[in-house]
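Descriptive structure summary
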Amino acid sequence: MSRRAVPPPSATDFVDIEVARFDASLTALIGKPAAPVLLAVSGGPDSMAMLSLAAAAWPGRIAVATVDHRLRAEAAAEAAMVADHCATIGVPHATLVPDEPIAGASIQAQARIVRYRLLGAEAKRIGAAAIATAHHVDDQAETFLMRAARGSGLAGLAGVRVRTEVDGVPVVRPLLDWRRAELRAIVRRLEVPFVDDPANHDPAHDRTRFRRLIEGNEWLGPPQLARAAALLAEADADWRTAAAWLWDTRAQVVDGAVTIDVASLPRELRRRLARRAIGAVRDAAGITAPAWSESANVEALLDALGDGRRATQAGVLGSAKRDQWRFRAAPARRTH
């Protein structure tokens, strides 16, 4: 029996397939809200591809914001390019700039904090249902290796999460199963303007070095590394759920002090409960210095409490009596 020949997909068919793929990914993350989705578009090929896909998949339901951190002279022109393209395709656009210059140590980390703060404020201003960023498989692979090289724990190795939150606004990454080459091919095929940030090729940045490491070693497959990060994210979510349940059942908060029954708990759960206790005590006591974060290294504290010794971290004093760990604001140091 003869079979009718099926013609190969045309370029238009490929676009339709890609638009449907993007639509399914974004819908799985946020459903079909009536409010618009705010796209974070820098002008690079990844975010311009996301803009193109979103404009086709969700016409009339998107808005765009470009953050000019005021760290590079070219950034203003890049934001203007994005604004011009948005005007051409009929998508609302806003350029966001920080109120104060970003300076000091860890410029990249500070810029990230400022970027999400500005995006969160803009999302609230326009009533957006969510913020979407263009992180993809290759970003995830690079993040995984960077954090592994720094000795990160489970939460760090989980990499870029598919869904987080900033100032109460969901932040979603609908391209986390797309490759960088796929996205670049989209903008080239559609002749969409884009810019290549020179920082992406600067070996002074960790990410650039790890990108070159992956590109120079085929056995470091980005999809496999991204898959490992996704599995670790699932495991981290399970640990978070377990720790939240234990906090509700084993932790007591009285007058700003926290007591936790850690009997029979593995170290990872003790670690998470101790971090949460430190945060709770600091909030209750209004402690703002020294700096503190949920990713802080608490291994020395855990060792001390496990041995029945006292230890102080981030302005909080921890003590142990058998399996009862107690956390309270550390007394002020005496001065002579």
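In the nomenclature of an unreviewed UniProt entry, the protein is known as tRNA(Ile)-lysidine synthase of Sphingomonas jinjuensis. The annotation that UniProt attaches to the protein under Sequence similarities (unreviewed entry) is "Belongs to the tRNA(Ile)-lysidine synthase family." On record in UniProt, under Catalytic activity (unreviewed entry), the comment for the protein is "cytidine(34) in tRNA(Ile2) + L-lysine + ATP = lysidine(34) in tRNA(Ile2) + AMP + diphosphate + H(+)".

When its secondary structure is counted, the protein shows 11 helices and 11 strands. The dimensions of the protein, computed from C-alpha atoms along their principal axes, are 80 × 60 × 45 Å. Taken over 336 residues, the protein has a buried fraction of 43%. Sequence separation of 24 or more characterises 65% of the internal contacts of the protein that already satisfy a separation of 6 or more.

Here, UniProt's "binding site: ATP" (unreviewed entry) annotation points to Ser42, Gly43, Gly44, Pro45, Asp46 and Ser47. Assessed through its relative accessible area of 12%, glycine 44 is described here as buried. With residues near it in sequence (within four places) discarded, glycine 44 still touches Phe194 and Val195. As for its placement among the helices and strands, aspartate 46 is situated in helix 2 (residues 45–57).

A full pass over the atoms with the stated rule returns 23 salt bridges. Among the salt bridges present, the one from glutamate 18 reaches arginine 189, with a minimum N-O distance of 2.6 Å. Residue glutamate 18 is found in helix 1 (residues 11–30), and its partner arginine 189 is found in helix 7 (residues 180–190); the two are separated by 171 residues along the sequence. For glutamate 18, a relative accessible area of 15% corresponds to the buried category.

This part is about helix 2. An α-helix turns once per 3.6 residues; consequently, residues spaced three or four apart project the same way. Along its 13 residues, helix 2 runs 18 Å from first to last C-alpha, staying within 8% of the 18 Å computed at 1.5 Å per residue. Restricting attention to buried positions, one finds in helix 2 the residues Pro45, Asp46, Ser47, Met48, Ala49, Met50, Leu51, Ser52, Leu53, Ala54 and Ala57.

The strand order across the open sheet formed by five strands is 7-8-11-10-9, and the pairing between neighbours is antiparallel. Of all the strands in the sheet, the pair left with one neighbour each is strand 7 (251–254) and strand 9 (311–313). On average, each strand axis in the sheet is tilted by 20 degrees relative to the strand beside it, whichever way the strands run. The sheet contact formed by strand 10 (residues 316–321) and strand 11 (residues 324–329) spans six bridges and is antiparallel. Across the sheet, the residue bridging to serine 319 is arginine 326, located in strand 11. The strands touched by helix 9 (residues 222–250) within the sheet are strand 7 and strand 8 (257–261), with strand 7 carrying the most contacts at an inclination of about 55 degrees. Docked against the sheet, helix 11 (residues 299–306) engages strand 9, strand 10 and strand 11, running at close to 125 degrees with respect to strand 11.

Once that is clear, we can look at the sheet that holds strand 5 (residues 163–166). Here six strands make up an open sheet; going across it, the order is 3-2-1-4-6-5 and the pairing mixed. In this open sheet, the two strands that pair with only one neighbour each are strand 3 (93–96) and strand 5. Ignoring strand direction, the axes of neighbouring strands in this sheet form an average angle of 30 degrees. Pairing of strand 1 (residues 37–40) with strand 2 (residues 62–67), which is carried by four bridges, proceeds in the parallel orientation. By the bridge assignment, leucine 38 is partnered in strand 2 with alanine 63. Lying on the sheet, helix 4 (residues 107–126) is in contact with strand 1, strand 2, strand 3, strand 4 (130–132), strand 5 and strand 6 (169–172); it crosses strand 2 at an angle near 150 degrees.

What follows concerns the packing of aromatic side chains. A complete count under the given rule lists zero aromatic pairs for this structure. Directly above the ring of tryptophan 178 sits arginine 21, whose terminal nitrogen or CZ lies 3.8 Å from the centroid. The lysine or arginine in question, arginine 61, covers the ring of tryptophan 58, its NZ or CZ lying 4.3 Å from the ring centre.

What follows covers the domain arrangement of the protein. The domain architecture assigned to the protein consists of domain 1 (11–220) and domain 2 (237–329). For domain 1 versus domain 2, the separation of C-alpha centres amounts to 35 Å.

Quick look at the packing of helix 9 against helix 10 (residues 267–285) now. Orientation of helix 9 relative to helix 10, taken along the N-to-C sense of each, is 60 degrees, at an axis distance of 10 Å. Considered as vectors, helix 9 and helix 10 are oriented oblique to each other. Classified by chirality, the crossing of helix 10 by helix 9 is right-handed. Residue-level contacts link Asp236, Trp239, Arg240, Ala242, Ala243, Ala244, Leu246 and Trp247 of helix 9 to Glu268, Leu269, Arg272, Leu273, Arg276, Ala277 and Ala280 of helix 10. In terms of residue class, the contact of helix 9 with helix 10 is made up of 10 nonpolar, no polar and five charged.

What follows covers unusual backbone geometry. With the exception of glycine, most residues fall at negative phi, and the peptide bonds are largely trans. Put simply, alanine 289 and proline 290 share a cis peptide bond, and its omega is 0 degrees. You can see proline 290 is positioned in the loop between helix 10 and helix 11. With a phi close to 50 degrees, aspartate 167 is a non-glycine residue in the positive phi region. Note on placement: aspartate 167 falls in the loop between strand 5 and strand 6. Exposure remark for aspartate 167: the relative accessible area of 46% places this residue in the partly exposed category. Non-glycine residue aspartate 255 carries a positive phi angle of around 55 degrees.

Analysis parameters
- Residues numbered from 1 in each chain as written.
- Predicted model: local features only at pLDDT ≥ 70, side-chain atom pairs only at ≥ 80, totals over all residues.
- Heavy atoms only, no water.
- UniProt positions renumbered as here; feature names shortened; annotations may be inferred.
- Helix = DSSP H or I, 4+ residues; strand = E, 2+ residues; numbered from the N terminus.
- Buried < 20%, exposed > 50% of the residue type's maximum accessible area, 1.4 Å probe, protein only.
- Contact = heavy atoms within 4.5 Å.
- Salt bridge = Lys/Arg side-chain N within 4 Å of Asp/Glu carboxyl O.
- Expected span 1.5 Å × (residues − 1).
- Pairing = 2+ DSSP bridges.
- Axes fitted to C-alpha atoms, helices over the stretch in contact; angles between N-to-C directions.
- Phe/Tyr/Trp six-rings, centres within 6.5 Å; stacked < 30°, edge-to-face > 60°.
- Lys NZ or Arg CZ within 6 Å of the ring centre and 35° of its normal.
- Domains from an automatic or database assignment.
- Parallel < 35°, antiparallel > 145°, perpendicular 65-115°, else oblique.
- Left-handed = near helix turned anticlockwise from the far one by under 90°.
- Nonpolar A, V, L, I, M, F, W, Y, C, P; charged D, E, K, R; others polar.

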